[in-house]
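# Chains, contacts and geometry: an overview
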Amino acid sequence: MERTFHMLLYRAFHAQRNYLRPCLGEAGLEVGQPKLLEYLASHGPCPQRELADYFEIDSAAVSRMLDALEKGRFVIRRQNEQSRRSNLVELTEKGRRANQLWQARCREMEQNMLRGFTPEEKAQFADYLARAYQNFHAEGESPCRISNGCSSI
């Protein structure tokens, strides 16, 4: 197989997803939810809009994920005292425990994925991924949205 970056990224992403997917059930979570718990664990209570903006997903998708997380008692929503038009989303103790378990599984996955990498190579790899992500934002719109040139994907 040809070693194109898009295919290498695609395969690495799928290998990571396949490694972690069984851990979702162990933590009582569904696809997409762990990232919200991780953000709340590191940033504290925040408005739903902040989650949508950070993860670059629409508010409706965040709302659906939060509804399920709230139903599972991983998060609570409470009125934002600074702005009564919005709620703050906050982790519960159950949400903190699920996030800790998920983070432990992610650390295991990273150790497996980066086996044989030197500390310098790990730092470079992280830098390369961060720079590649920044390049997408520097470019602006996707060419597929502009010309509809990716309709066959």
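All figures in this text were calculated on a predicted structure; none of them were measured in a lab.

## Some points on the sheet that holds strand β3 (residues 87-91)
- With antiparallel pairing, the three strands of this open sheet are ordered in space as β1-β3-β2. The two strands at the open ends of the sheet, each matched to only one other strand, are β1 (46-47) and β2 (75-79).
- The pairing of β1 with β3 spans two bridges and is classified as antiparallel. Across the sheet, residue P47 finds its bridge partner in β3, namely L88.

## Side note on unusual backbone geometry
- At E56, a position not held by glycine, the phi torsion is positive, near 55°.
- Tracing the backbone shows E56 in the loop between α3 (48-55) and α4 (59-71).
- Since its relative accessible area comes to 47%, E56 is described here as partly exposed.
- Even without being glycine, R73 reaches a positive phi, approximately 65°.
- Structurally, R73 is set in the loop between α4 and β2.
- The exposure class of R73 is exposed, given its relative accessible area of 65%.

## Thoughts on the confidence of the model for the chain
- The share of residues in the chain with pLDDT of 70 or more is 90%, and the mean pLDDT across the chain is 90.
- Below pLDDT 50 for its whole length, residues 146-153 participates in five contacts with residues either more than four positions away or in separate chains.

## Quick look at the packing of helix α1 (residues 5-27) against helix α5 (residues 93-113)
- Across the interface, α1 lies against α5 with an axial gap of 10 Å and an inter-helix angle of 155°. The angle between α1 and α5 places the two elements in the roughly antiparallel class. Of the two elements, α1 crosses α5, and the hand of that crossing is right-handed. Residues Q16, Y19, L20, C23, L24, E26 and A27 of α1 touch α5, and the partners they reach there are A98, L101, W102, R105, C106, E108, M109 and N112.
- Of the residues contributing to the contact of α1 with α5, the split by class is 10 nonpolar, two polar and three charged.

## Comments concerning the packing of aromatic side chains
- All told, the structure shown has four aromatic pairs when counted by the stated rule.
- Ring centres of Y39 and F55 lie 6.0 Å apart, and the angle between their planes is 70°; on these two criteria the pair is classed as edge-to-face. Of this pair, Y39 sits in helix α2 (residues 33-43) while F55 is found in helix α3, placing the two residues 16 residues apart along the sequence.
- Assessed through its relative accessible area of 23%, F55 is described here as partly exposed.
- Taken together, a centroid distance of 6.1 Å and an interplanar angle of 45° make the contact between F117 and F125 tilted.
- Residue F125 is classed as partly exposed on the basis of its relative accessible area, which comes to 30%.

## Notes on the packing of α2 against α5
- Between α2 and α5, the least distance of the axes is 9 Å, while the angle of their chain directions is 110°. As the angle between them shows, α2 and α5 are arranged roughly perpendicular. In this structure, α2 uses P34, L37, E38 and A41 to contact α5, whose residues at the interface are G95, A98, N99, W102 and Q103.

## Here we look at α1
- Between its first and last C-alpha atoms α1 spans 32 Å; for 23 residues at 1.5 Å apiece the expected length is 33 Å, and the two agree.
- Listed as buried for α1 are H14, L20, C23, L24 and A27.
- After α1 finishes, the residue G28 shows a positive phi value of roughly 80°.

Parameters at a glance
Residues numbered from 1 in each chain as written. Predicted model: local features only at pLDDT ≥ 70, side-chain atom pairs only at ≥ 80, totals over all residues. Heavy atoms only, no water. Pairing = 2+ DSSP bridges. Helix = DSSP H or I, 4+ residues; strand = E, 2+ residues; numbered from the N terminus. Buried < 20%, exposed > 50% of the residue type's maximum accessible area, 1.4 Å probe, protein only. pLDDT = per-residue confidence, 0-100. Contact = heavy atoms within 4.5 Å. Axes fitted to C-alpha atoms, helices over the stretch in contact; angles between N-to-C directions. Parallel < 35°, antiparallel > 145°, perpendicular 65-115°, else oblique. Left-handed = near helix turned anticlockwise from the far one by under 90°. Nonpolar A, V, L, I, M, F, W, Y, C, P; charged D, E, K, R; others polar. Phe/Tyr/Trp six-rings, centres within 6.5 Å; stacked < 30°, edge-to-face > 60°. Expected span 1.5 Å × (residues − 1).

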